[in-house]
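Residues per chain, in single letters:
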Amino acid sequence: MLQVNKPTSEINRDFAESDGSASQTLTSYLDIVRRQFPTMVAIVSACVILALLYLFTAAPLFTSTASMVIDTRKVQLFQQQSVLGDIAVDSATVETQVEILKSENISLAVIRDLHLIEDPEFTGSGGGLIGTVIGAVGGLFSDGRAPSEFEQTRKALERFEKSRTIKRLGLTYVMEIGFTSKDPAKAARIANAIADAYIVDSLEAKYQATRRASVWLQDRIKELRTQASAAQKAVVDFKTANNIVDTGGRLMNEQQLAEVNSQLVMAHASTAEAKARMDRINDILKQEIPDASVADALKNDTIVKLRGQYVDMASKESIWAMKYGADHLAAVNLRRQMAEIKKNIIDELRRIQESYKSDYDIAQTREEAIKSSLANVVSESQLTNQAQIQLRELESNAQSYQAMYDNFLQRYMESVQQQSFPITEARVISAATTPLKKSYPKSLIILAAALLGGLMLSFGAAMARELTDKVFRTTGQVEQQLGANCVAILPALGATAGLPLNSKFGKTRDNPRPDLLRYVVDNPLSRFSEAMRSLKVAVDLNSIVRENRVLAVTSTLPNEGKSTLSTNLAQLIAHGGARVILVDADLRNPSLSRSLLPDARIGLVDVIAHKTELEDVISIDPETKLSILPAGSTSKLLHTNEILASKPMRDLVTLLRSKYDYVVLDMPPMAPVVDVRVTSSFVDSYVFVVEWGKTKIDVVRHNLRGSPEIQDKLLGVVLNKADTKLLARYESYHGRYYYQKYYARYGYVE
């Protein structure tokens, strides 16, 4: 695939979006913490209090530690080979020793030596408040029978193993032995006892193993001694039966064979030398007069002397023949003497030849005799080869049995030494001492864990509360879920609502509960009144875009405060000098009429039915000049929606529009009845009241989506009955703090 590089601007935008999302996520978490802060504080406080209670009631425990090492360097005096063989100390060996330290044999030995079954800490119910409660509960279900010694031992063993810790320090040969107890001296005593019990157990194990090996070795040595003696006797008997004699570690026939073979080599060399001399003398005899080198090589004085005479005469004969001729008597006489000398030389050479021939014959005869002797020795050696093979086998068996006997005898002597003085590779390098500080409970760790656990639990509870909180609490929720403006947030009124300190029109201190339907008149500087003014401003601003004189106030469910809002809105506008009429259009439940004009018997229904005139049913508030049109008698009406959708109703609204500046209609709730939907033809804007923190989001959203004609004319949503103290956690600018800063200047506190 082709990869296209992103432009720098896109990369920067990606980073900015990621940073923005991370910042938004962090902000959302901080908002959750701020909203659920009291719950989180309560949970964290509860966890810390439980931790403190545990710290005050838990019995302090003390841990003492001893260190032991497996020493691979043994004492030089006892450094002989072990009977069972020395095992190399590796990581697996150390881990094995750790498991041996954890074994029941070591634990039971310590319990038995220190009489721990008589210690209430190991056989009682345990200390502290928890131990007392467990002991009391266990006593209710016990059969009253005293526990046996075995049961006490097993119970003590169980608690002993829970309080004991054995671990290896890293990759070293050091093992750490720890014990935890209520008594610091007891903890040190038991830790040292565990180390001592392990060393004693190791020595005892080696002693028993050595003792068993010694017994086995004794029996084996007896068998080997008998077998070695029998093997040696078999060797001697075989040599006697086969006439085999050792001479200096070699058999006699082997020695003879070697000597004869050596003689044969020497005889063969002598024969070759004699033949060489005879061949040479034969070559010399072929010459008339041997040359000087040959004569000198023969080292014969006679031949040397005769040859000298022959040479001298030959020289003289040559001189005489040249001077007087070859036939001169002197020359002839010299040649006769030279022939005589030559004959003498040849005779001497033949005598030497006969001597060399005799030497050659003697050498050949001697060589043949030695060969015959060698053949006889070889024949005899071949006859004893089979016997020698069997002899070697017997000697090998005898040597093996003797070596095994010597080895086992040495091992037996070593085992006797080790049995008399056994040694162990383990030794204590740091004895346990009495601890000065408690090891449990660790106050700081427990408090930190309680605080951390409380924070995690509280945050989880906060997230759970947030996820299950499906109600309206902020203006952002209204805009996000409904797509409408939140024009005002009205604080909850009633016994908790504050009063102006210098009010002329409010209720007295003898009757502190204010009149909710006249709250904006009695408390003009209250926060509720200020929120109503913001609603009035929204109405006026909306009038710039379209006519906004007929206002209908409705809600999703009953008792969300729509009647209170519509009445106070109408009185606020009327108190400002405008002509306003308040119409109770809730024909199903005319609570507004019952509260403002409880004695009225005729009203809106009668005017629509043309039973009376409008002027006869309108009442006017003397202080604000607000005109009020009650609902009239509605107890027998079945189809109130038909009445509100009728032409007389539309004509009445048209008439009211011409006489008054504002017409405020108190409508029924949308969820139970459909009356509100039929009024969209003559209503300019709807004010939708939602009870803060109570009305479900999905209910409101369902009703508005099912009434598009209402949603099209929706002026805005008013969150009613808001808890101002709690509201500050969701939207700080809606809290009491900012209002009190301002109202305190005028002597009002709310």
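It should be emphasised that the depicted structure is a prediction, and the values quoted were computed from it without experimental measurement. (Residues numbered from 1 in each chain as written. Predicted model: local features only at pLDDT ≥ 70, side-chain atom pairs only at ≥ 80, totals over all residues. Heavy atoms only, no water.)

## Observations regarding the side chain of Asp606
Okay, so step 1: Among the structural elements, Asp606 can be located in helix α19 (residues 604-608).
Okay, so step 2: Of the buried charged residues, Asp606 lacks a salt bridge, with Lys611 as the closest side chain of opposite charge at 4.9 Å.
Okay, so step 3: Here Gly603 takes part through its backbone nitrogen, which lies 2.9 Å from a polar atom of the side chain of Asp606.
Okay, so step 4: In this view, Asp606 contacts Arg601, Lys611, Thr612, Gly632 and Ser633; residues no more than four positions away in its chain are not counted. (Helix = DSSP H or I, 4+ residues; strand = E, 2+ residues; numbered from the N terminus. Buried < 20%, exposed > 50% of the residue type's maximum accessible area, 1.4 Å probe, protein only. Lys, Arg positive; Asp, Glu negative; His and termini not counted. Salt bridge = Lys/Arg side-chain N within 4 Å of Asp/Glu carboxyl O. Polar contact = N/O pair within 3.5 Å; in protein donor to acceptor, adjacent residues only side chain to side chain. Contact = heavy atoms within 4.5 Å.)

## Some thoughts on the nonpolar core
Okay, so step 1: If you look at the biggest cluster of nonpolar residues, it comprises 49 residues, and the most contacted ones within it are Leu629 and Leu665.
Okay, so step 2: Among all residues touching Leu665, those that are not within four sequence positions of it are Val550, Leu551, Ala552, Val553, Val583, Phe682 and Val683.
Okay, so step 3: Residues Val487, Leu551, Ala574 and Tyr662 belong to the second largest nonpolar core, which totals 33 residues. (Core = buried A, V, L, I, M, F, W, Y, C linked by side-chain atoms within 4.5 Å.)

## Notes on the environment of Gln97
Okay, so step 1: Examined against the element boundaries, Gln97 turns out to sit in helix α3 (residues 91-101).
Okay, so step 2: When the C-alpha atoms of Gln97 and Ser202 are compared, they prove to be 9.8 Å apart, with 105 residues separating the residues in sequence.
Okay, so step 3: Dropping the residues within four chain positions of it, Gln97 is found in contact with Ile70, Met175 and Tyr198.

## Observations concerning the sheet that holds strand β14 (residues 714-722)
Okay, so step 1: Pairing in this open sheet of 8 strands is mixed, and the strands run β7-β14-β13-β8-β12-β9-β11-β10 from one edge to the other. The open sheet has two edge strands, β7 (486-491) and β10 (619-620), and neither has a second partner.
Okay, so step 2: Here 2 bridges tie β10 to strand β11 (residues 627-629), and the two strands are oriented antiparallel to one another. Paired with Ile620 across the strands is Ser627, a residue of β11. (Pairing = 2+ DSSP bridges.)

## Comments concerning unusual backbone geometry
Okay, so step 1: Cis rather than trans, the peptide bond between Tyr440 and Pro441 has omega equal to -5°.
Okay, so step 2: For Pro441, the location among the structural elements is in the loop between β6 (426-430) and α13 (443-468).
Okay, so step 3: The phi dihedral of His115 is positive, around 55°, even though this residue is not glycine.
Okay, so step 4: If you check the backbone angles, Asn559 has positive phi at about 65° while not being a glycine.
Okay, so step 5: Judged by relative accessible area, Asn559 falls into the exposed class, the value being 66%.

## Brief notes about the pairing of strand β13 (residues 685-691)
Okay, so step 1: The buried fraction of β13 amounts to 7 of the 7 residues, a majority that puts the element mostly inside the structure.
Okay, so step 2: Burial along β13 is two-sided: Ser685, Val687, Val689 and Glu691 facing one way and Tyr686, Phe688 and Val690 facing the other are all buried.
Okay, so step 3: Pairing between strand β8 (residues 550-555) and β13: 5 bridges, direction parallel. Each residue of the ladder has a partner; that of Val553, found in β13, is Val687.

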